[in-house]
Amino acid sequence: MKTELIIKECIVKSNNLYINVNCDIDYDPDVFEPKLKINFFNGKNNLILPVLITNRRYISFKNLDSLEFSQKFEINDIFLDKKWKEIKFYLSLHYGNHIVTDFSFDLDNDINNDFVSKYLIENDENQIKLIKINDKNNLNILRHVLSLFIRIIALIISIFLIPFFIFESIFIMIKTPDLNSSGGDLYLEDKNVIKRGIRHILWRISSFSNFPVEKLFINFKNYMLNKIYQLAVLIYQKENTVMFISERGQNLTGNLKFVYDYIKNNENTKNVNIKVSTINQSFPITSFSHKWNTYKDMASSNVILLDNYFSPVNILNFNNQTLIQLWHAAGAFKTFGFTRFGRPGGPKLDSKNHRKYDMATVSSSAVIDCYSEAYGVSSDKILPLGIPRTDIFFDTDYIDSTKENFYKKYPQLKDKKIILFGPTFRGTNRRNGYYPIKKFDPVKIYNDLNQEYAIIIKRHFFINNKFKIPKEYSDYILDLDVNEDINDLLFVTDILITDYSSTVFEASLLDVPMIFYAFDLDDYISNRSFYFEYKSFVPGKITYTQDELINSIKNNDFENYKIKDFKDKFFEEVDGKSTERIINYICNVLEKNKKK
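Please read all numbers here as calculations on a predicted model, not as lab measurements.

A.B. asks: Got a minute to help me understand the overall build of the protein chain in this structure?
C.D. replies: When its secondary structure is counted, the protein chain shows 17 helices and 21 strands. By the compact-globule yardstick of 25 Å for 596 residues, the protein chain fits well, its C-alpha radius of gyration being 27 Å. Taken over the C-alpha atoms alone, the protein chain extends approximately 80 × 65 × 55 Å along its principal axes. Among the 596 residues that make up the protein chain, the fraction classed as buried is 50%. Intrachain contacts of the protein chain at a sequence separation of at least 6 include 68% that bridge at least 24 residues. Each charge class in the protein chain can be summarised by its mean position, and for the 77 positive and 74 negative side chains these summaries are 7 Å apart.

Below is the structure:
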């Protein structure tokens, strides 16, 4: 494959690193998302981040894909540990299934033209070095003093405007729509009206004066909370204590539940103390009692297990504790976390959430870099120990009992083939998540297939709208509760229809035929993006209209031959012992803590 890469800009300005890259590569029509990654290394840890594509054009007479990438990085936030002296970094192009790392650099001679910068760039063959230098520069000091003086004057003026800000905050306190506030929609959900009002006043002062009053207030509050938490850990931490934290429902589910059940029911873990915090709500807007109990139990724990984003990770330090992320999905499908850095709604580089994990589990080595990038952690902290919730796919007794219970609950489906429709959500979160239900007509599908199949709809728990099923079809078309376990439903499934759901990973373990109904593929790619090229990645037939979907079922056209390679790539160990491997890791951590 012919490759030509030119770094047009690699420069430090105002302590930000700017990267601009052009790349001409042999055109592949099946590549929808060329990706350029930058890999930083400080001598101890690495960090993978995206460089965003800004322009793409096809040069027909050369049959080349001409790509342009650009990104800005806040240098001081690249690593949580600020004690580095030198960072090396290099670029890698991901073009379809090809990963190209053999690049030549063609930098301008003058790459350090910001004379007030604290950093120096050096070109070192196939790597570039970012070096800290002495920042005691008179011009730099004068600039900061002048900026501080102007902001203090603006702060004094904003203090005189406080009565106006108080009046405006009344509207925030009563949740007036379309009135801006720093907390956004999530903060407006807080039941404490006084806190909403104070937060708005602080934000107004900060935004008017460009003096970080609100940030200083929040930082001070978080500083005190962290110090109290560290003291609580010293006082209350108990040996052999493991805590499970989930915001995905009132009960533990998925990977956390499998690890929890193993600890509870096995003789070799009988001495492990267990703490649990579950709620179907984002932590910042939960009740004081829930926060208090969660922090108290966290302080007593040696190991803390998560299955999703958890906001206190931003605030607290876990110096004498081990923070483990089990996540809630297998494989790597839709992008999330720091893979979305630089995109609308993506995290800022100074965000600490995800970045404090001591270990995270994945299903195979093939996705280590995906999760390393998403979490913003070094690749050596991502371990391919497996996905605990997939262990049931190797437990014949569990499979048989699950089938039996299902047909006891739905006896009318016993003589039907079953189509499981498991779409993912559109929107951005659990408040505005939806599915465009007009795009999927289960009644038409049921009738066009001569009523040979029953259709079970299992919506993602972020999807708030339901399908309207006519009463006369309600026995054979079921829109199940979002809390139903989709893995259990796979045991009775003859065909899985999905779009961009990670359920495909579990379905591949059972060799379930799959159809991918991707009517909005282009829009979804531009808004959400994937870790791998969708068309070459998914283990089944891709359809774009409902008629194509129905014809694929009628013709038994599922492209099942794709499943084996997919399964081999995304599951390193297919043995039903993922939970056991993770338990062994946890027990080793607990044993090491005893010796400290």
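The structure having been displayed, the exposition proceeds.
A.B. asks: Teacher, can you tell me more about empty space enclosed by the protein here?
C.D. replies: Regions of empty space are outlined by a rolling probe, equal in size to a water molecule, passed over the atoms. Scanning all chains against the criterion turns up four cavities of 30 Å³ or more. The computed volume of the largest cavity comes to approximately 40 Å³. For the largest cavity, the full set of lining residues is Ser363, Gly386, Ile387, Thr390, Phe394, Leu509, Phe571, Glu572, Glu573 and Ser578. Considering only residue class, the lining of the largest cavity consists of four nonpolar, four polar and two charged.

A.B. asks: Hey, could you run me through the sheet that holds strand E20 (residues 514–517) in this one?
C.D. replies: Pairing between the strands of a sheet comes from backbone hydrogen bonds, and it takes one of two forms, parallel or antiparallel. The parallel open sheet is built from six strands, whose spatial order is E18-E17-E16-E19-E20-E21. The sheet is open, and its two edges are formed by strand E18 (477–480) and strand E21 (541–543), each paired on a single side. Averaged over all adjacent pairs, the angle separating strand axes in this sheet is 20 degrees, with direction ignored. The pairing of strand E17 (residues 453–458) with E18 spans four bridges and is classified as parallel. Note on E18: the bridge partner recorded for Ile457 is Asp479. Along the sheet face, helix H15 (residues 546–554) touches strand E16 (417–421), E17, strand E19 (495–498), E20 and E21 and points at about 170 degrees away from the line of E20.

A.B. asks: Please explain the nonpolar core as it appears in this structure.
C.D. replies: Note on soluble globular proteins: their nonpolar side chains tend to be buried together. Counting residues in hydrophobic clusters, the biggest one holds 75 residues, and the most contacted among them are Met298, Phe333, Tyr371, Tyr375, Phe505 and Tyr534. Tyr371 has contacts with Trp327, Ala329, Ala330, Gly331, Ala332, Phe336, Val362 and Ile382, leaving out every residue within four places of it along the chain. Listed in part, the 36 residues of the second largest apolar core include Ile7, Cys10, Phe73 and Phe89.

A.B. asks: Could you clarify how one ought to interpret the sheet that holds strand E14 (residues 359–361) in this entry?
C.D. replies: Strand order across the open sheet formed by six strands is E11-E10-E12-E13-E14-E15, with parallel pairing between neighbours. Both outer strands of the open sheet, strand E11 (273–278) and strand E15 (382–383), are each paired with one neighbouring strand and no more. On the sheet, helix H17 (residues 578–595) packs against strand E10 (241–246), strand E12 (303–306), strand E13 (322–325), E14 and E15 and is oriented at approximately 150 degrees with respect to E12.

A.B. asks: I tried to follow the layout of surface pockets on my own but got confused; where do I start?
C.D. replies: Here the second largest pocket defines a volume of roughly 520 Å³. Taken together, 24 residues make up the lining of the second largest pocket; nearest its centre are His94, Ile99, Asp369, Cys370 and Phe532. Sorting the residues of the lining of the second largest pocket by element identifies strand E3 (35–41), strand E6 (86–95), strand E7 (98–100) and helix H8 (368–375) as the ones contributing at least two each. Taken together, the residues of the lining of the second largest pocket break down into nine nonpolar, eight polar and seven charged.

A.B. asks: Explain the pairing of E6 to me, please; I cannot follow it from the model alone.
C.D. replies: Successive side chains on a regular strand alternate, one facing one side of the sheet and the next facing the other. Sheet topology note: the E3/E6 ladder contains seven bridges and is antiparallel. Across the sheet, Ile38 pairs through a bridge with Leu91, a residue of E6. By the bridge criterion, four bridges tie E6 to strand E9 (residues 127–132) in an arrangement that is antiparallel. Bridge pairing in E9 links Ile87 to Leu130.

A.B. asks: What should I look at first to understand helix H16 (residues 562–570) in this one?
C.D. replies: Every α-helix winds through 3.6 residues per turn, so residues three or four apart in the chain are directed the same way. Buried residues of H16: Ile563, Phe566, Lys567 and Phe570, and no others. Taken down its axis, H16 places every buried residue within 95 degrees of arc, on the same side. In this structure, H16 carries Lys564 and Asp565 as exposed residues pointing more than 90 degrees from its buried face. Residues of H16 that are buried make contact with helix H12 (503–509), E20 and helix H14 (534–537).

A.B. asks: I would appreciate a short explanation of unusual backbone geometry in the present structure.
C.D. replies: Trans is the common state for peptide bonds, and a negative phi is the common state for residues other than glycine. Its identity as a non-glycine residue notwithstanding, Asn556 has a phi of 50 degrees, on the positive side. Tracing the sequence through the fold places Asn556 in the loop between H15 and H16. At Glu559, a position not held by glycine, the phi torsion is positive, near 55 degrees. Structurally, Glu559 is set in the loop between H15 and H16.

A.B. asks: I keep staring at the pattern of salt bridges and nothing clicks. Help me out?
C.D. replies: Proximity of charged atoms lets side chains of opposite charge pair with each other. Summed over all chains, the structure comprises 21 salt bridges. As a salt-bridge pair, Asp520 and Arg426 come within 3.0 Å of each other at their nearest N and O atoms. Note that Asp520 is positioned in the loop between E20 and helix H13 (521–527) and Arg426 in the loop between E16 and helix H10 (442–448), a separation of 94 residues in sequence. The buried category is assigned to Asp520, whose relative accessible area is 14%.

A.B. asks: Where do I start with the packing of helix H5 (residues 213–236) against helix H7 (residues 288–299) in this structure?
C.D. replies: In a packed pair of helices, the relevant descriptors are the angle between the two axes and the axis-to-axis distance. Between H5 and H7, the least distance of the axes is 8 Å, while the angle of their chain directions is 50 degrees. Looking at the two axes, H5 sits oblique to H7. In this structure, H5 uses Leu225, Tyr229, Ala232, Val233 and Tyr236 to contact H7, whose residues at the interface are Tyr295, Met298 and Ala299. Of the residues belonging to the contact of H5 with H7, the class tally is eight nonpolar, no polar and no charged.

A.B. asks: When you look at helix H4 (residues 193–209) in this model, what are you seeing that I'm missing?
C.D. replies: Relative to the 24 Å expected for 17 residues at 1.5 Å per residue, H4 spans 25 Å between its end C-alpha atoms, a close match to the ideal helical length. Turning to H4, its buried residues are Arg196, Gly197, Arg199, His200, Ile201, Leu202, Trp203, Ile205, Ser206 and Ser209. Directly beyond the C-terminal end of H4, a positive phi value near 55 degrees is found at Asn210.

A.B. asks: How should the packing of aromatic side chains be read in this particular structure?
C.D. replies: Geometry of an aromatic ring pair is reported as the spacing of the ring centres plus the angle between the planes. A full pass over the atoms with the stated rule returns 50 aromatic pairs. Here the aromatic rings of Tyr398 and Phe491 are separated by 6.2 Å at their centres, their planes lie at 75 degrees, and the arrangement is edge-to-face. You can see Tyr398 sitting in helix H9 (residues 396–409) and its partner Phe491 sitting in the loop between helix H11 (486–490) and E19, a full 93 residues away along the chain. The partly exposed category is assigned to Tyr398, whose relative accessible area is 27%. On the accessibility criterion, Phe491 (7% relative accessible area) is buried.

A.B. asks: Could you clarify how one ought to interpret a nonpolar patch on the surface in this entry?
C.D. replies: There is a patch of nonpolar side chains on the surface, built from Leu146, Leu148, Phe149, Ile150, Ile152, Ile153, Ile156, Ile157, Phe160, Leu161, Phe164 and Phe208 and spanning about 1200 Å² of accessible area. Sort the elements by how many residues they give to the nonpolar patch and helix H1 (residues 138–160) lands first, with nine residues. Within the secondary structure, Phe149 sits in helix H1.

About the criteria used
Residues numbered from 1 in each chain as written. Predicted model: local features only at pLDDT ≥ 70, side-chain atom pairs only at ≥ 80, totals over all residues. Heavy atoms only, no water. Helix = DSSP H or I, 4+ residues; strand = E, 2+ residues; numbered from the N terminus. Rg over C-alpha atoms; globule rule 2.2 N^0.38 Å. Buried < 20%, exposed > 50% of the residue type's maximum accessible area, 1.4 Å probe, protein only. Contact = heavy atoms within 4.5 Å. Lys, Arg positive; Asp, Glu negative; His and termini not counted. Charge placed at Lys NZ, Arg CZ, Asp CG, Glu CD. 1 Å grid on protein atoms, 1.4 Å probe; cavity = no way out; pocket = protein on both sides within 12 Å on 5 of 7 lines; lining within 4 Å. Points joined across faces, edges and corners; volume = space filled by probe spheres on them. Nonpolar A, V, L, I, M, F, W, Y, C, P; charged D, E, K, R; others polar. Pairing = 2+ DSSP bridges. Axes fitted to C-alpha atoms, helices over the stretch in contact; angles between N-to-C directions. Core = buried A, V, L, I, M, F, W, Y, C linked by side-chain atoms within 4.5 Å. Arc of directions from axis to C-beta. Salt bridge = Lys/Arg side-chain N within 4 Å of Asp/Glu carboxyl O. Parallel < 35°, antiparallel > 145°, perpendicular 65-115°, else oblique. Expected span 1.5 Å × (residues − 1). Phe/Tyr/Trp six-rings, centres within 6.5 Å; stacked < 30°, edge-to-face > 60°. Patch = residues over 30% accessible without salt bridge, like charges linked within 9 Å, V, L, I, M, F, W, Y side chains within 5 Å. Areas by Shrake-Rupley, 256 points an atom, 1.4 Å probe, with all protein chains shown as cover.

Geometric descriptors of this kind do not, in isolation, establish any biological role.
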